[in-house]
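# Examining the three-dimensional arrangement
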Amino acid sequence: MSGVGAALKVAVVIAVVLGVWYLGAFLLEASGDRIAYAKLPYPHAILEKVLANPGTVLEATWETASRAVLGFFIGLFVGGLFATLMVQARALEVAFLPYVLASQMVPIIALVPIMRAILREPELVRLYLASYVTFFIITVAVLRGLKSVDRNALELMASLNAGRATVLRALRFPAAVPYIFSGMRIAAPLSLIGAILVDLVSGQGGLGYLMVAAVVVGPSQATLLWAALLIAFGLGILFARIVVWVERRVSPWQFAMREQAA
Amino acid sequence: MTADKVEDRALILDPEEAAAAQHHHHHETLADRPGLPIAIAVEGVDKVFTGKRSVKALESVSFDIPVGTFVSLIGPSGCGKSTLLRLVAGLSAVTGGRIVVNGIDPAEARRRRQFGIVFQSPVLFDWRTVAANIALPLQITGRPRAEIDRRVSELADLVGLRDFIGHHPYELSGGMQQRVAIARALSFGPPFLLMDEPFGALDMITRDRMASELLRIWSSTPGTTVMFITHSIPEAILLSDRVVVMSPRPGRVLRIVDIDLPRPRTEEVRESRAFYELDTELRRLLLEGEAGTR
């Protein structure tokens, strides 16, 4: 029942958005703007463009999405490792956490030319940026999760003479699971943005390249920009949904617990 | 002092008490078993927490817990009872004096997994079922699978949770969660059960029932020595062979009272005059202790 209700809600939202969109596009056209079709094209015009160039769009989507996913997993691994190390000793956390935080102060778009000059390979730059964006969020989320265990639980483990590895495996990691997933839910769409950013700046292919190409070529290709935008948007949502789907399978009790609390 | 010497020490603390003990001949009370070896000896223990401002939590605390007995520590909040439990459990070190557990240092006893601990909150692992929570110590100590399964079902029966073995903690009431915590603490058969206000977060009715349950569980794990922390006077009397009454911070021992009420502690015993007198005595002691610091 709630499934039907949720589907209905989504349908209503989509209908409203499309309605507003059509209205906007119509008004812009009616105002006499000669390139209204490029500034705000009708949704069906975008769909037509995609169907007319399926190869280009699919290839670009695959190129960006696959690097984003790979970068995401690299970021997940490195972030998880960092957080695990930091939770082993307060000194490590104090020494490294400020730099992890500082890494986010760098405008990441400026990193693209720098990393391209260093890594040369655009593929690697894409991976680097996608993982760079993910890494920070995951490190902070995992660290918070690993530290979320209460003092008595640690004392319980100490009373059982459990070693560091056992404490991590039996207590800290399972306790961190909800934190890790909420970090992943935020990081997954961002890894996509990281990958697109590289396309935009270094312009070799991918969804970002599609966006730039449309702008460079002119109004005639503007529908492609809109198509790329919508695909990126859809992929972002898809990534976040996949994370939630996996979490439901990994820790179903967590959802039951939240429902009961609500 | 060697282990032998610790065990040789007499249990009765002063001649007056010894004389008084002679007059009682209840079944299974401390007074009947004066030769019982000492399991936990706390000798002139001080504990100071140093920080921005150092706090003296405990001051020359001394008492003994004989093997296989139930000893309660009672005192106002913040009197260092929990601190004392942590010291005995080898989770924290004394600043002065010493503690001997079965002839060895508490930290060494902890490494040898001599303590089952129950805290005020159940500290169950949300991601584990009741069975898996009870099994935790057995898994950590690397017992074989068959033994774990057998022990878990024995303990689930003992604490009356056979039908809830596959449930997750969030599906249980507070009292049931605390039963799981007790089962977990006993699962690996530790010689000591340390309980830090285990029923403090429960409502009065559940609390009463849990105390009787604990007595039943304890009587089916013979030889287990219990150190129990509470701020409920009737609870301490009902459960214990001996009650150590403590003062407000810095925690000192005001009096050690042996509870020579017969066991099992039935409803009759709880309603007896002796029970009432002990209750009054302990209440007065606590009040005086409170007044003494003002």
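Just above sits the structure.
Presented here is an overview of the structure given in this document. Since the model is a prediction, treat every value here as computed from it, not as a measurement.

Take the environment of B:Leu58 next. All names here are of chain B. Among the secondary structure elements, leucine 58 is positioned in strand β2 (residues 55-66). Sequence separation between leucine 58 and isoleucine 38 is 20 residues, and the spatial gap between their C-alpha atoms is 22 Å. Beyond its immediate chain neighbours, meaning those up to four positions away, leucine 58 contacts Val45, Asp46, Lys47, Gly80, Thr83, Leu84, Pro250 and Gly251.

This part is about the sheet that holds strand β5 (residues 115-118) of chain B. Note on sheets: strands pair through backbone hydrogen bonds, and any given pair is parallel or antiparallel. All names here are of chain B. Read from one edge to the other, the open sheet built from six strands follows the order β5-β6-β7-β3-β8-β9, with strand pairing classed as mixed. Of all strands in the sheet, those with a lone pairing partner are β5 and β9 (253-258), marking the two edges. When strand polarity is set aside, the average angle formed by the axes of neighbouring strands in this sheet is 15 degrees. Packing of helix α3 (residues 81-88) onto the sheet brings it into contact with β3 (70-74), β6 (192-196), β7 (225-230) and β8 (242-246), and relative to β7 it is tilted by some 155 degrees. On top of the sheet, helix α11 (residues 273-292) reaches β3, β8 and β9; it is set at about 175 degrees to β9, its chief contact.

With that settled, the discussion passes to the interface of chain B and chain A. Every contact between the two is made by 18 residues of chain B and, on the other side, 17 residues of chain A. Listing elements by their share of the side of chain B that touches chain A, those giving two or more residues are α4 (106-111), β5 and α5 (130-140) of chain B. Looking at side-chain class alone, the side of chain B that touches chain A contains 12 nonpolar, two polar and four charged residues.

On to the pairing of β9(B). Residue and element names in this part refer to chain B. Alignment of β8 against β9, held across five bridges, turns out to be antiparallel. Residue pairing for β9: valine 245 is matched across the bridge by arginine 255. Hairpin connection of β8 to β9: six residues between the antiparallel strands.

Below, the discussion takes up the sheet that holds strand β4 (residues 96-101) of chain B. All names here are of chain B. Here three strands make up an open sheet; going across it, the order is β2-β1-β4 and the pairing antiparallel. On the outer flanks of this sheet lie β2 and β4, each paired with one strand and no other. Sheet twist, expressed as the average angle between the axes of neighbouring strands with direction ignored, equals 15 degrees. Here strand β1 (residues 38-49) runs beside β2; their pairing, made up of eight bridges, is antiparallel. Residue pairing across strands places isoleucine 40 opposite isoleucine 65, the latter belonging to β2.

Parameters and conventions
- Residues numbered from 1 in each chain as written.
- Chains lettered and ligands numbered in written order.
- Predicted model: local features only at pLDDT ≥ 70, side-chain atom pairs only at ≥ 80, totals over all residues.
- Helix = DSSP H or I, 4+ residues; strand = E, 2+ residues; numbered from the N terminus.
- Contact = placed C-beta atoms within 7 Å.
- Pairing = 2+ DSSP bridges.
- Axes fitted to C-alpha atoms, helices over the stretch in contact; angles between N-to-C directions.
- Nonpolar A, V, L, I, M, F, W, Y, C, P; charged D, E, K, R; others polar.

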